[in-house]
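An overview of the molecular structure
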Amino acid sequence: AVVSTQSTGRAVKIRDSKFGTALVIESLRNAGGYVLGFRIDPVERLHDVMKEIQSLYRVYSANPIFGVQHKIEDKVELIEQLTINYEEDDIEITGEEAEGGDAFAAYYADANKASDGEPVFCVQLGLAIESIKEGYTLESLWEVTGI
């Protein structure tokens, strides 16, 4: 007794095998061409399972799931409606600068610097450092990192 349903190269069949009556599912050749066999007892349940597989396949074939969820919108909004207007913050950045100006700029923007300053021993740090430019203090140099 062979009951068969063909749909686009895929077959779900009930046929006799060496293990008794079995449900056989054949996949498409380009999907590997697998033949899967299932023995289901009692035989009445076998027919119910075949009908369920056929029903699920028809539903899936009508509306397949490819792993991407999307929603089709009836009304497409204009770009002007989606654009957010730019608003400038009314924040004023304040801070105490060294009297001589920005210490960072004074040290790194000096294009005419031919050599490093003379090393001097700094008691506060306990090591030798380049002599500090006139108008700056060691504390003002550390304020650069406080941004």
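Reference entry: report on the structure contained in this document. Remember, it's a predicted structure, so these values are computed and weren't measured experimentally. (Residues numbered from 1 in each chain as written. Predicted model: local features only at pLDDT ≥ 70, side-chain atom pairs only at ≥ 80, totals over all residues. Heavy atoms only, no water.)

**Here's the deal with the overall build of the chain**
From N to C terminus, the chain includes 4 helices and 6 strands. Listing every helix and strand of the chain by position from the N terminus yields β-β-β-β-α-α-α-β-β-α. Each of the 147 residues in the chain was classed as buried or not, and the buried ones make up 16%. Here the contacts in the chain between residues at least 6 apart in sequence split such that 31% fall between residues at least 24 apart. Entry remark: accessible area of the chain is about 12,900 Å², with carbon and sulfur atoms responsible for 55%. (Helix = DSSP H or I, 4+ residues; strand = E, 2+ residues; numbered from the N terminus. Buried < 20%, exposed > 50% of the residue type's maximum accessible area, 1.4 Å probe, protein only. Contact = heavy atoms within 4.5 Å. Areas by Shrake-Rupley, 256 points an atom, 1.4 Å probe, with all protein chains shown as cover.)

**Considering unusual backbone geometry**
For the bond from Asp 41 to Pro 42, the omega torsion is -5°, close enough to zero to count as cis. Relative to the elements of secondary structure, Pro 42 occurs in the loop between β4 (35-38) and α1 (43-62).

**Overview of a nonpolar patch on the surface**
Together, Tyr 34, Leu 36 and Phe 38 line one region of the surface with nonpolar side chains, adding up to about 320 Å² of accessible area. Positionally, Leu 36 belongs in strand β4. Under the relative-accessibility criterion, Leu 36 is labelled partly exposed at 42%. (Patch = residues over 30% accessible without salt bridge, like charges linked within 9 Å, V, L, I, M, F, W, Y side chains within 5 Å. Salt bridge = Lys/Arg side-chain N within 4 Å of Asp/Glu carboxyl O.)

**Let's talk about the pattern of salt bridges**
Inspection of the entire model under this criterion finds 2 salt bridges. Put simply, Glu 26 and Lys 13 hold a salt bridge, and the shortest N to O gap is 3.0 Å. Here the residue Glu 26 occupies a position in strand β3 (residues 20-26), and Lys 13 occupies one in strand β2 (residues 10-17), the gap between them amounting to 13 residues. Glu 26 sits in the partly exposed class, given a relative accessible area of 22%.

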